[in-house]
Amino acid sequence: MPVTLDLSTLGPLEEAVAEARKRLGQERVAARIRDRDHTLWGPRPEGIVDRLAWLDSPLEMAGRVRLIDDLLTGALRDGLTDALLLGMGGSSLAAEVYGRLLPLAGRRLRLSVLDSTDPAAIADLMAAIDPARTLYLPATKSGGTVETLSLLKHCYNLAMAAVGPRRAGKHFAAITDPGSGLQELAESLGFRELFLNDREIGGRYSCLSFFGLVPARLAGADPGRLLAGGRAARAEIVDDGVGLRLGAVLGAGVASGRDKLTLIPSPSLEPLGPWIEQLIAESTGKDGTGILPIDGEPIGAAGSYAGDRLLVSLKLRREEDAPEVETLAGAGFPVVRLELAEAYDVGAVMYVWKVATIVAAHRMGVNPFDQPNVESAKALARSMLDARRREGALPAPPPDLVEDGVAAFGHVEGGALWSVIRDFLCLRDEVHPHPYVAFHAYLPPRPQVAGALARIRRGIRERTSLATTIGFGPRFLHSTGQIHKGDSGHGRFVQVTCDDPDDLPIPDAPGEIASTTTFGMLKAAQASGDRQALIEGGRAVLRLHLAGGLTEGLEAMEEAFEKALASVPDTRRRR
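Chains are numbered independently. Their residues run from 1 in the order of the written sequence. With the structure being a predicted model, the display of local features is reserved for residues of pLDDT at least 70 and the display and counting of side-chain atom pairs for 80 or more, all residues being used for whole-chain, interface and lining totals. In computing side-chain properties, one takes all heavy atoms of the structure into account and sets aside hydrogens as well as water.

S.K.: Can you lay out the overall build of the protein chain for me, pointing to particular residues and giving the numbers?
M.R.: In this text, helices come from DSSP runs of H or I with a minimum length of four residues, and strands from runs of E with a minimum of two, each type numbered from the N-terminal end. Each helix and strand in the protein chain was counted, giving 20 helices and 18 strands. Relative to a compact globule of 575 residues, whose C-alpha radius of gyration would be 25 Å, the protein chain shows 23 Å and is just as compact. Projected onto the principal axes, the alpha-carbon positions of the protein chain cover approximately 65 × 60 × 45 Å. Considering only intrachain contacts with a sequence separation of at least 6, the fraction spanning at least 24 residues in the protein chain is 79%. Surface accessibility in these figures is a Shrake-Rupley result with a 1.4 Å probe; residues are shielded only by whichever protein chains are displayed. Summed over its atoms, the accessible surface of the protein chain is roughly 21,200 Å², and 49% of this surface lies on carbon and sulfur atoms. For the purpose of charge, His is not counted, nor are the chain termini; Lys and Arg are scored as positive and Asp and Glu as negative. Charge positions come from single atoms, namely NZ of Lys, CZ of Arg, CG of Asp or CD of Glu. Across the protein chain, the mean location of the 65 positive side-chain charges is 3 Å away from that of the 74 negative side-chain charges. With C-alpha atoms as the basis for the radius of gyration, the globule rule is written as 2.2 Å multiplied by the number of residues raised to the power 0.38. Here, residues are in contact when the closest pair of their heavy atoms is within 4.5 Å.

As structure tokens, then:
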């Protein structure tokens, strides 16, 4: 097995994990997974047995790699140099992992991933490619994902302007389920290729199917090696195999109050974090429970963490452990170590995480294959977008406070912006003693923005020991959005929005000039819909709108958080 799991530093979880492993064996969980026994997760087979085809993907996909090779050969022959994946959530995250993590060589296209409706983000990426030499890859399981179809229409018009209407379709290849709306659209527009995925593979479990392997191969990766790792991990679905043991740890962590799964990847494995984040959050965050994955958080001193943390270190075998990992283990925090022999073992480790996730879900009593709370925000976004079309503006109350170009909405009882933030962070909740703070950034995902949010995030943890997450909207709606609305309600949500001075139209149909919606309108409706869904779910939400320009707004917001945290009593909780 190319992936090893070290459980020698479980600390306070040692006994609970030992008991969990024993029970998994007594319940024959490994054999029941292999037998597709739906009763592991629910009383009815619908929505479970028809979501388990990913278990066999490493076998089934081996004979289909040639189809992907044919696409690459044809694209290179026609002078194409770039591939642009258009997708959200499970349709894009695996591709991003492969493109950033694997050594890429040989015949290849330059791969980029676009999973945003932010007009500035779209413009940034489009400026870096030539539409006359780009292969566009719209990817959506349902075939109706609004973000993906909006990007498809935008890119189709770019291609049509560059190469003409007769050749535009040959700059597209689609990945979807049989019978979807995208299949019909691809056939009507004459796409170069159409990859129909197994409909019994859910989006977040699709990394070793066409959704992951097509962009991986176009980028210069070897799908055969990824599938080989998956087959090795598949053979490990045995009593006390790697995936079963990791799942036992995750389940025991939740039962013991350590539901903040903190990922500590080595720099070479950082691209894996967002994929794990989606898998865990969307699979377990429901029915009033969940595992909150913490990704992208810099390692801190032991005193900055609370007793709700379970730490997972990920590294390649040739790499040394970060010294902070040893320090945290020595301080008594439960630390799990996952080690890969080489980068291509990412196929194996992703399979291991999928097995671990469904095992943890079994221990938690939830169905890991549905996402019951995701649709609520989508429905509200659609209604708000319809209202925007009818009335010319989104229904929105005036801000409760405006200061230095930052407008605040909700949880505002007067005072300065910093005091509003202080009071929001200091909300007392006796029912949920281990809350977290989630930043929902409907902003361009640029380094400037990420840096400001990371500094704020670090300050919150260092002062209060609260776990924090960052999600760029609307991308996070397809990953952590489920746990935000489906867990026990102990999150505090800071939504950050901005104006879009350089908006982009969304064509009403591919090839048409007419447009009744823009990307800025879509993003604003999604932000408003998500905020409303959180409020209706009883969540604490503070919206900060950067109305005075992005740079100035970020500076003012960061300064307000610094002042707020300086006035917060040191509430760091010990283990």
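S.K.: Could you give an account of the side chain of Asp259, naming the residues involved and the relevant values?
M.R.: By the element assignment, Asp259 lies in the loop between α11 (242-255) and β7 (260-265). Only protein chains enter the calculation, and the probe is 1.4 Å; a residue is then buried if its accessible area is under 20% of its type maximum, exposed if over 50%, and partly exposed in between. According to the relative accessible area criterion, Asp259 is buried, its value standing at 15%.

S.K.: How would you summarise the sheet that holds strand β13 (residues 436-442) if you had to cite specific residues and measurements?
M.R.: Note on pairing: two strands pair once DSSP finds at least 2 bridges between them. The strand order across the open sheet formed by six strands is β11-β12-β18-β15-β13-β14, and the pairing between neighbours is mixed. In this open sheet, the two edge strands, each paired with only one partner strand, are β11 (401-403) and β14 (467-472). Ignoring which end each strand starts from, the neighbouring axes of this sheet average 20° apart. Relative to strand β12 (residues 406-409), β11 runs antiparallel, the two sharing three bridges. The residue of β12 that forms the bridge with Val402 is Ala407. Axes here refer to lines fitted to C-alpha atoms; in helices the fit is confined to the stretch in contact. Angles between the N-to-C directions go from 0 to 180 degrees. Across the sheet, helix α19 (residues 519-536) is in contact with β12, β13, β15 (491-498) and β18 (540-546); its angle to β13 comes to roughly 160°. Sheet strands in contact with helix α20 (residues 550-566) are β12, β13, β15 and β18, and its direction is about 140° off that of β18.

S.K.: An account of the nonpolar core is requested, with residue identities and associated values reported.
M.R.: Residues enter a nonpolar core if they are buried and are Ala, Val, Leu, Ile, Met, Phe, Trp, Tyr or Cys, with the set joined through side-chain atoms within 4.5 Å. In this structure, Trp54, Tyr98, Trp275, Val346 and Trp353 are the most contacted members of the largest nonpolar core, which totals 101 residues. Here this core gets 14 residues from one element, more than from any other, and that element is helix α14 (residues 346-364). Sequence-distant contacts of Val346, that is, excluding residues within four places in its chain, are made with Val97, Tyr98, Leu101, Leu102, Leu226, Leu272 and Leu340. Counting residues in hydrophobic clusters, the runner-up holds 34 residues, among them Val406, Phe439, Leu453 and Val496.

S.K.: Outline the pattern of salt bridges, listing residues and values.
M.R.: Salt bridge, as applied in this entry: a Lys or Arg side-chain nitrogen positioned within 4 Å of an Asp or Glu carboxyl oxygen. Under the defined criterion, the tally for this structure stands at 32 salt bridges. Measuring nitrogen to oxygen at the nearest pair gives 2.7 Å for the salt bridge that ties Lys523 to Asp118. In this pair, Lys523 sits in helix α19 while Asp118 sits in the loop between β3 (110-114) and α6 (119-126), placing the two residues 405 residues apart along the sequence. Neither Lys523 nor Asp118 differs from the other in exposure class; each is buried.

S.K.: Could you give an account of the packing of aromatic side chains, with specific residues and numbers?
M.R.: To pair, rings of Phe, Tyr and Trp, with the six-membered ring standing in for Trp, must have centres within 6.5 Å; the planes then decide the type, stacked if under 30 degrees apart, edge-to-face if over 60, and tilted in the middle. Going through the model one piece at a time under the given rule, you end up with twelve aromatic pairs. Where Trp41 meets Phe369, the ring centres are 5.5 Å apart and the plane angle is 85°; that geometry is what we call edge-to-face. Taken as a pair, Trp41 in the loop between α2 (29-34) and α3 (57-60) and Phe369 in the loop between α14 and α15 (374-391) lie far apart in primary sequence, 328 residues in all. As far as burial versus exposure is concerned, Trp41 and Phe369 are alike and both buried. Through a chain of ring-to-ring contacts, three or more aromatic side chains come together here, namely Trp41, Trp54, Tyr205, Tyr351 and Phe369. Ring-over charges, as used throughout, are those where CZ of Arg or NZ of Lys falls within 6 Å of the ring centre and within 35 degrees of the ring normal. Its end group placed over the ring of Phe409, Arg543 keeps NZ or CZ at 4.5 Å from the ring centre.

S.K.: Please set out α6 residue by residue, giving values where relevant.
M.R.: Those residues of α6 that fall on the buried side of the exposure criterion are Pro119, Ala121, Ile122, Leu125 and Met126. Axial view of α6: buried residues confined to an arc of 165°, hence all on one face. Structurally, the start of α6 carries an N-cap: the backbone nitrogen of Ala120 is 3.0 Å from a side-chain oxygen of Asp118. The arc in question is the one traced by the directions running from the helix axis out to the C-beta atoms. A 3.5 Å cut-off defines polar contacts: any pair of N or O atoms within that distance qualifies, except that in protein one atom must be a possible hydrogen donor and the other a possible acceptor, and neighbouring residues in sequence count only when both atoms are side-chain atoms.

S.K.: Tell me what's going on with the pairing of β13, and back it up with residues and numbers.
M.R.: Counting buried positions over the seven residues of β13 gives seven, a clear majority of the element. Side-chain alternation along β13 places Tyr436, Ala438, His440 and Tyr442 on one buried face and Val437, Phe439 and Ala441 on a second face that is also buried. Pairing between β13 and β14: six bridges, direction parallel. By the bridge assignment, His440 is partnered in β14 with Gly471. What joins β13 to β14 is helix α17 (residues 447-464), and the crossover it makes is right-handed. With the strands aimed away from the viewer, a crossover counts as right-handed if its path from the first strand over the helix to the second runs clockwise.

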